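# Structural overview for review
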Amino acid sequence: MPAVRAKFMWDLCTHSLAISKVRGASYADVRVMHLRQRDLTTKNGQVGTLAQSESIGIGIRVLANGAWGFASTDRLTRDGVAACAAQAVSIAKASALAKREDVVMAPENAYVDSWQSPFLKDPFEIPLETQLALLLAADAEMRRVKGVTLTETDMQFRKIDSWFASSIGSRIHQRKVITGCGIVATSFQGDEIQKRSYPNSFGGQHALQGYELVESLDLLEHAPVIAEEAVALHSAAQCPQKTGTLILGGSQLGLQIHESVGHPIELDRVLGQEANFAGTSFLTLDQLNKLRYASDIVNVVADARVDHGQGLGTFAYDDEGVPAQCTDIIKAGQFRGYLSNRETAHLIGLNRSSGTMRTESWNRLPIIRMTNISLLPGTWSFDNLIADTDDGILMETNRSWSIDDRRYQFQFSTEIGWEIKGGKRGRMLKNPSYSGITTEFWNSCDAICKREHWTLWGTPNCGKGQPMQTMGTGHGASPSRFRDVRIGAAFSKQ
Amino acid sequence: MSAARKSSAGAASAKGAATERELRGIIDTVLRLAKSIGVEETEVHVDETISALTRFANNGIHQNVAEHTVNVSVRTQVDQRTARATTNRIDEDSLRAAIEASLSLAHSQPKNPLLLPMPGKQRYRRVNRFIKQTAALTPEDRARAVRRACDLAVKKGQTAAGIFSSAQSHSAMGNSRGLFAAYRDTHAVFSITMQEGSAASWAKENAADVSHIDPQRLAERASDKAHRAVDARELAPGRYTVILEPAAVLDLVGFLFYDFAATAVQDKRSCFNERMGKQVFGNNISIVDDVYHPLQLGAPYDGEGSPRQRVLLVDRGVPKNLVYSRASAKVTKKKPTGHGFMLPNEYGEAPMNLVFSGGKSSLEEMIASTERGLLVTRLWYIREVDPYEKIMTGMTRDGLFLVEKGRVTSAARNFRFNQSILEMLRNAEMMGPAVRATGEEAFEMVVPAMKIRDFHFSEVTKF
C-alpha cells in the first residue's frame with residue numbers, strides 16, 4: 001500500500017485541534033489511525049478466506065458547552081479534517097441541548113512519545129506461502145483422523161499505527177503488532193456435533209506479538225490430538241448434573257475473569273452509561289473497598305504495562321493519552337478498584353484516570369475497556385492440584401458463555417471435561433457446563449496454580465458500545481479450583 | 001505519495017453522499033487499472049456509509065458521534081486462484097496498490113479446482129429504501145427527541161438510557177465481465193431503557209423511514225413497563241408457558257440463519273443436517289427468506305452479484321429448501337439463490353431476510369388465554385450450547401412478568417434459560433402477526449410474538 005507519512009499525520013492532528021478551538025471547543029483530542037490486517041483461513045484442506053485490508057482516517061473528540069461531540073472522516077486533507085472538526089463541535093453543541101451536567105475531566109500531564117510493541121518477527125514480512133503451508137499442513141493432520149467431518153485453521157495479523165494529539169499538548173505515536181492463530185476439528189456423528197480447538201476457541205491464541213507466537217504453538221503436534229478428542233467425545237460419558245468441585249483450565253478461566261470481573265468493574269457500566277445495551281453492574285460505588293469479592297487467595301489486577309506481558313490489553317498510552325498502569329482490582333479477596341477514564345475518575349475519589357480508554361478504530365469514540373485483567377498466579381503445581389482433588393471435574397476450552405446484564409449469574413460450557421477421582425485424571429466427559437453467582441463462585445476458589453502454568457490469554461472479540469466496537473482484551477490465568485459449583489445445568493431437562 | 005484523494009479516481013463528493021455515477025467511477029477505475037496489468041478477472045465492491053448516533057444515559061446525552069467512510073474492496077482471480085484486498089483510500093495509487101495486494105495474495109496459494117469464473121451481467125428487481133427525511137436527520141433533531149424522552153423519565157422519577165441513530169448507505173459492485181449492481185438505503189433506530197429503582201424495561205424500533213418511529217411512544221411504553229417491573233418476585237426455575245414479545249422471538253430464532261446455508265449442511269455443522277424434509281417444527285411454522293418483503297431492508301443482490309431470490313425455507317414445520325451461493329449450488333447441482341457472501345470465504349451463504357408466517361393472535365389474547373406463564377420483553381446474551389439440538393442459553397432482561405389466570409399479576413426476577421429452538425418451534429401454541437422486530441443479538445427480521453409451552457428456565461438471578 002502507498003506510504004503513510006508521519007509528518008503529514010501530525011499536521012492533520014495539529015490542524016484539527018486548531019479548528020476545534022476556533023469553533024468553540026474547550027478541549028479536543030484527535031486520533032489518526034492506520035490499520036492493516038491480513039486474514040488467512042483454511043477449511044477441509046482448501047484455502048478459505050485470503051484477504052488483506054487497510055483503513056486510515058481521523059477521529060476528533062471535542063468538549064463544547066460542557067458536552068461531548070465526536071466526528072470522523074477518511075478525507076485526510078486539511079479541508080477534510082477541518083470540516084470534521086467543525087462537525088464534532090457542532091455535534092457537541094447539540095449534545096448540550098440535552099446534557100445532565102458539564103463534563104469534568106481529571107488532570108493529566110502532556111506527553112510527547114513514540115512507542116512500538118515488541119515483536120521478533122513481523123508477520124507481514126513472513127511469506128504468505130509459508131503461512132498457508134503451515135495452516136494446510138495442520139489441516140491435513142486433523143483430516144487424517146477418521147470421524148473428523150470438518151477442519152478449520154486460521155491466522156490473523158494486525159498492524160495498527162495511531163497518532164494521538166490533544167489540546168493539552170500531548171503528541172503520542174504508537175505502533176502495535178497483533179497476531180492470532182488457531183485450529184479446530186469438528187465431528188458430526190449420530191445426533192451430535194462435537195469439536196475441539198487449539199490452543200483456544202475464538203480463533204486460537206491472540207497476543208501483542210509477531211509471527212513468533214505462531215511458531216511457539218506447534219500446531220502440527222497438537223492437530224491430531226484435538227482431532228482424536230473431537231471424535232472420542234461422541235463416546236464419552238455425559239457430564240453429570242451435580243454440585244461439586246470444578247477445576248478450570250487457564251483459557252476457560254481467562255474468559256470467566258473477562259465476564260465476571262472485567263465487565264463489572266467498567267466504571268461506565270457502573271454509572272449507567274451502558275444501561276441500554278451492554279448493561280450495568282452489581283458493583284455499585286458503595287461496594288468499593290467493602291465487598292468480599294473472592295476468597296483471600298484471589299488477586300486480580302488490571303495491568304496494561306508491557307511488564308505484565310504482551311496481551312491484547314497492553315499499550316504504552318490509552319486512547320485518551322493516559323500512560324499504561326497497573327490497578328489492583330481484587331486484593332486478597334477484597335474489591336479494590338474500577339476501570340476509569342478522565343471523566344469518571346473523580347467519582348471514585350481518584351484524581352487521575354486509570355488509563356483504560358480504548359477505541360477500535362479511527363471512526364469510533366474511545367470508551368472504557370478492559371486492558372489485561374489477570375488473576376495473579378498462586379502456589380500450586382498442576383500435578384499437585386489434581387492429586388489433591390478427590391472428586392471433581394476438569395473443564396477446558398470454552399464452548400459457550402453467557403452472563404446476566406448486571407454480571408451476577410453466569411453459565412459457561414466447555415468443549416471437553418475430565419473426571420477427577422482419587423487424585424487422578426479419569427474418563428473424558430462430553431458437554432460439560434457450570435453455572436453460578438459471581439461472588440459466590442469467586443469466594444469458593446481454594447487453589448490457584450503457579451506462574452509456570454500461567455498464560456496471558458487473548459480475547460479478541462469483546463463487544464461493547466453503540467455503535468458496537470470490538471476490542472481485544474488480555475486475561476492472565478492459571479488452572480484453578482472452585483468448590484461447591486453447580487455443574488451440568490446447561491443440559492438439564494427440568 | 002500522499003494519503004490524500006485525487007479526483008481522477010472518481011472520488012466521492014467532498015461533502016455528502018456519493019452518487020451512483022461516482023461509485024461506478026471508482027469501479028471503472030479499478031477495472032481499468034487491473035486490465036492494464038493483465039489481471040484475468042476483477043471484482044470491485046464500493047461501500048459508503050454516512051451515519052450518526054446520539055447516545056443518552058442518566059437522562060442526558062453522554063456520547064454523540066458521526067462518521068463517513070468509503071471502502072473499496074478488490075478481488076482478483078488468476079489461474080484458479082482468488083484473494084481480496086480492501087482499502088479506504090480511493091486515489092489511483094492506493095487502488096492500484098489494492099489490486100497488487102490482492103494479486104500477491106492470490107498467487108501465494110494452491111489452485112482451487114472448484115473456483116468458478118466471475119458471473120456476467122445480471123438483472124435485478126428494483127427496491128426503494130432510501131428516505132430523504134432519514135438521511136437529513138440532524139444532531140439537533142435527535143437531541144430534541146432525546147430531551148423529550150428524558151423529560152418523561154424525570155417526570156416519572158425514572159432514569160432513561162438509549163440511542164437515536166440515523167444512517168445512509170450507498171453500495172455498488174462491478175466486475176470485469178460486465179456485471180454492475182447498485183443499492184442505497186437509509187436506516188434509523190430509537191432504543192430506550194427506562195429504569196425505576198432496580199427495575200427496568202425497554203423498547204426499540206428501527207425503520208428505513210424515521211417518520212415511522214415515534215420516540216416518545218417508545219419512551220412511554222418503556223416507562224410504563226419499568227414501573228410495572230418493580231418489586232419483582234423470585235419464582236422457582238422450571239418449565240413455563242411463555243409469551244415472547246417479537247424482540248425475544250427474533251433474538252432466539254436469529255441463531256437459525258446459518259443453519260439454512262447449503263455450505264453449513266455440506267460441512268455437517270447445520271442443525272438441518274439429515275433433517276431436511278422431516279417434520280422438525282410444528283405445522284404452524286413457515287419461514288421464507290424474502291428481501292423484497294415490505295418490512296425488510298437489504299440489497300436485491302448478494303456478495304457475488306447474484307440476484308436475491310425469495311426462498312421457502314420451512315413449509316408447515318418441514319425444512320424444504322436451503323440457500324445457495326454459486327459454489328454450493330454447483331456442488332449440489334442446484335441454482336444459486338442469491339445469498340452468497342463476498343468471496344473468498346469459508347461459510348458460503350446465509351439467508352439474511354427471514355420472514356415468519358405468523359398468526360392472528362394479539363399479545364392481549366395470548367395473555368388472556370394463559371392460566372400461568374411468563375411474559376418476556378427481551379432476551380440477553382444468547383449463546384449456543386448444543387449446535388445440533390440447537391440448545392441456546394441466555395437471560396431474560398428488562399421486564400419479565402408473571403401471568404396468572406389470564407392477566408399480568410406481578411413482575412418476576414430474571415431467569416436463565418437453556419432451551420432448544422427446535423423444541424420451542426414445535427411448542428408454539430399461538431402467534432401474532434409478523435412484524436419487523438429488532439433486538440440486540442440478531443439482525444432485524446420479520447417475526448411474530450409467540451406463546452410457547454414448556455419453555456425451560458434452569459436458574460434465577462438476583463434481580
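Residues numbered from 1 in each chain as written. Chains lettered and ligands numbered in written order. Predicted model: local features only at pLDDT ≥ 70, side-chain atom pairs only at ≥ 80, totals over all residues.

### A closer look at the overall build of chain B
Each helix and strand in chain B was counted, giving 10 helices and 19 strands. In terms of overall dimensions, chain B has C-alpha extents of about 75 × 55 × 35 Å along its principal axes. Considering chain B as a whole, with its 463 residues, one finds that 59% of them fall into the buried category. Sequence-distant contacts in chain B: of pairs separated by 6 or more residues, those separated by 24 or more amount to 72%. (Helix = DSSP H or I, 4+ residues; strand = E, 2+ residues; numbered from the N terminus. Buried ≥ 20, exposed ≤ 12 C-beta atoms within 10 Å, placed from the backbone. Contact = placed C-beta atoms within 7 Å.)

### Focus: the overall build of chain A
A tally of helices and strands in chain A yields 9 helices and 24 strands. Since a compact globule built from 494 residues should have a radius of gyration of about 23 Å, the 24 Å found for chain A is in line with a globular shape. Considering only C-alpha atoms, chain A reaches an extent of 70 × 55 × 40 Å along its principal axes. Each of the 494 residues in chain A was classed as buried or not, and the buried ones make up 63%. Partitioning the intrachain contacts of chain A with sequence separation of at least 6 by distance along the chain shows that 76% fall at a separation of at least 24. (Rg over C-alpha atoms; globule rule 2.2 N^0.38 Å.)

### Observations regarding helix α5 (residues 219-232) of chain A
Residues and elements named next belong to chain A. The terminal C-alpha atoms of α5, which comprises 14 residues, lie 20 Å apart, in line with the 20 Å expected from a rise of 1.5 Å per residue. Buried residues of α5: Leu219, Ala223, Ile226, Ala227, Glu229, Ala230 and Val231, and no others. Structurally, α5 contributes buried residues whose contacts are with α3 (128-143), β6 (171-189), β7 (192-198), α4 (212-217) and β18 (409-421). (Expected span 1.5 Å × (residues − 1).)

### What about unusual backbone geometry?
The residue after Gln466 of chain A, namely Pro467 of chain A, is reached through a cis peptide bond having omega 0 degrees. Along the polypeptide, Pro467 of chain A turns up in the loop between β22 (455-464) and β23 (469-477). Even without glycine at this site, Asp484 of chain A takes up a positive phi of about 55 degrees. Counting through the fold element by element, Asp484 of chain A comes out in strand β24 (residues 480-487). Phi angles above zero are rare outside glycine, and Glu274 of chain B is one such case at about 65 degrees. Its place among the elements puts Glu274 of chain B in the loop between α7 (262-266) and β8 (287-289).

### Digging into the interface of chain A and chain B
Taken together, the 76 residues of chain A in the interface contact 80 residues of chain B. A per-element tally of the side of chain A that touches chain B places strand β2 (residues 46-64) of chain A first, with 12 residues. Split by residue class, the side of chain A that touches chain B holds 34 nonpolar, 30 polar and 12 charged. Pairing geometry for β2 of chain A and strand β3 (residues 81-87) of chain B, over 3 bridges, is parallel. When the bridges of β3 of chain B are listed, Ala51 of chain A appears paired with Arg84 of chain B. (Nonpolar A, V, L, I, M, F, W, Y, C, P; charged D, E, K, R; others polar. Pairing = 2+ DSSP bridges.)

### Let's talk about the packing of α3 of chain A against α5 of chain A
All names here are of chain A. At a minimum axis separation of 8 Å, α3 and α5 run at an interaxial angle of 30 degrees. By the criterion of interaxial angle, the relationship of α3 to α5 is roughly parallel. With respect to the hand of their crossing, α3 and α5 are arranged in right-handed fashion. For the pair α3 and α5, contact is made by Leu134, Ala137, Ala138, Glu141 and Met142 and by Leu219, Leu220, Ala223, Pro224 and Ala227, respectively. Of the residues that constitute the contact of α3 with α5, the class distribution is 9 nonpolar, no polar and 1 charged. (Axes fitted to C-alpha atoms, helices over the stretch in contact; angles between N-to-C directions. Parallel < 35°, antiparallel > 145°, perpendicular 65-115°, else oblique. Left-handed = near helix turned anticlockwise from the far one by under 90°.)

### Examining the domain arrangement of chain B
Residue and element names in this part refer to chain B. On domain assignment, one finds that chain B holds domain 1 (7-196) and domain 2 (231-463). Taken over C-alpha atoms, the centre of domain 1 sits 28 Å from the centre of domain 2. Contacts between the two partners involve 23 residues from domain 1, matched on the other side by 16 residues from domain 2. At the level of elements, β3, β4 (159-175) and β5 (180-196) are the ones that each hand at least two residues to the side of domain 1 that touches domain 2. Among the elements that line the side of domain 1 that touches domain 2, the one with the most residues is β5, at 5 residues. Class assignment of the residues belonging to the side of domain 1 that touches domain 2 gives a composition of 10 nonpolar, 7 polar and 6 charged. (Domains from an automatic or database assignment.)

### Re the sheet that holds strand β12 (residues 326-331) of chain A
Taken together, 4 strands build an open sheet; the order of strands is β13-β12-β11-β16 (chain A) and the sheet is antiparallel. The outermost strands of the open sheet, each flanked by one partner alone, are β13 (334-335) and β16 (373-375) of chain A.

### Topic: the domain arrangement of chain A
Residue and element names in this part refer to chain A. If you check the domain split of chain A, you get domain 1 (6-235) and domain 2 (237-491). Centre-to-centre, using C-alpha coordinates, domain 1 lies 21 Å away from domain 2. On the side of domain 2, 40 residues touch domain 1, which itself brings 46 residues to the contact. In the side of domain 1 that touches domain 2, the residues fall into 20 nonpolar, 17 polar and 9 charged.

### Remarks on the nonpolar core
Ranked by size, the top nonpolar core spans 281 residues in total, and within it Ile60, Ala88 and Ala92 of chain A together with Val30, Ile192 and Val249 of chain B carry the most contacts. Element by element, the count of residues in this core is highest for β2 of chain A, at 9 residues. Setting aside chain neighbours within four positions, we find Ala92 of chain A in contact with Val62, Leu63, Ala64, Asn65, Ala67, Trp68 and Gly69 of chain A. (Core = buried A, V, L, I, M, F, W, Y, C linked by C-beta atoms within 7 Å.)

### Here's the deal with the environment of Gln409 of chain A
Inspection of the secondary structure assignment puts Gln409 of chain A in strand β18. Expressed as a C-alpha distance, the spacing of Gln409 of chain A and Thr439 of chain A, which sit 30 residues apart in the sequence, is 9.5 Å.

### Focus on the confidence of the model for chain B
Residues and elements named next belong to chain B. Taken over all residues, the pLDDT of chain B has a mean of 95, while the share at 70 or more is 97%. Here residues 1-14 scores under 50 on pLDDT; set against residues more than four positions off or in separate chains, the count is 34 contacts. At the level of chain-chain contacts, confidence expressed as ipTM amounts to 0.96, with global pTM at 0.97. (pLDDT = per-residue confidence, 0-100.)

### Focus: the pairing of strand β5 (residues 150-166) of chain A
Residues and elements named next belong to chain A. Among the 17 residues that make up β5, 15 are buried, leaving the element largely enclosed by the rest of the structure. Relative to β6, β5 is paired through 16 bridges, and the arrangement is antiparallel. Among the inter-strand pairings, Leu150 is bridged to a residue of β6, identified as Thr186. The antiparallel hairpin formed by β5 and β6 contains 4 residues in its connecting segment, where Gly169 sits at a positive phi of about 110 degrees.

### Quick look at helix α6 (residues 246-253) of chain B
Burial analysis of α6 of chain B places 8 of its 8 residues in the buried class, which makes it a mostly covered element. When α6 of chain B is considered as a whole, its buried residues turn out to be Pro246, Ala247, Ala248, Val249, Leu250, Asp251, Leu252 and Val253 of chain B.

### What about the packing of helix α2 (residues 78-95) of chain A against helix α4 (residues 139-155) of chain B?
Remark: α2 of chain A packs on α4 of chain B, axes separated minimally by 9 Å, with the N-to-C direction vectors making an angle of 20 degrees. In terms of axis orientation, α2 of chain A runs roughly parallel to α4 of chain B. Pair α2 of chain A / α4 of chain B crosses with right-handed handedness. Within the contact between the two elements, α2 of chain A uses Ser90, Ile91, Ala94 and Ser95 of chain A and α4 of chain B uses Pro139, Glu140 and Ala143 of chain B. A class-by-class count of the residues in the contact of α2 of chain A with α4 of chain B yields 4 nonpolar, 2 polar and 1 charged.

### Here we look at the environment of Ala237 of chain A
All names here are of chain A. If you trace the backbone, Ala237 turns up in strand β9 (residues 237-238). Residue classification places Ala237 among the partly exposed residues on the basis of 13 C-beta atoms within 10 Å. Distance from Ala237 to Cys181, taken between C-alpha atoms, is 30 Å for residues 56 residues apart in sequence. Apart from the residues lying within four places of it in its own chain, the contact partners of Ala237 are Arg427 and Leu429.

### Considering the pairing of strand β6 (residues 199-207) of chain B
Among the 9 residues of β6 of chain B, 8 are classified as buried, and the element is accordingly described as predominantly covered. The turn joining β5 of chain B and β6 of chain B, which pair antiparallel and follow one another in sequence, is formed by 2 residues; a positive phi near 60 degrees is taken by Gly197 of chain B.

### Side note on the environment of His339 of chain B
For His339 of chain B, the position within the fold is in the loop between α8 (326-332) and β11 (354-356). With 29 C-beta atoms counted inside 10 Å, the residue His339 of chain B sits in the buried group.

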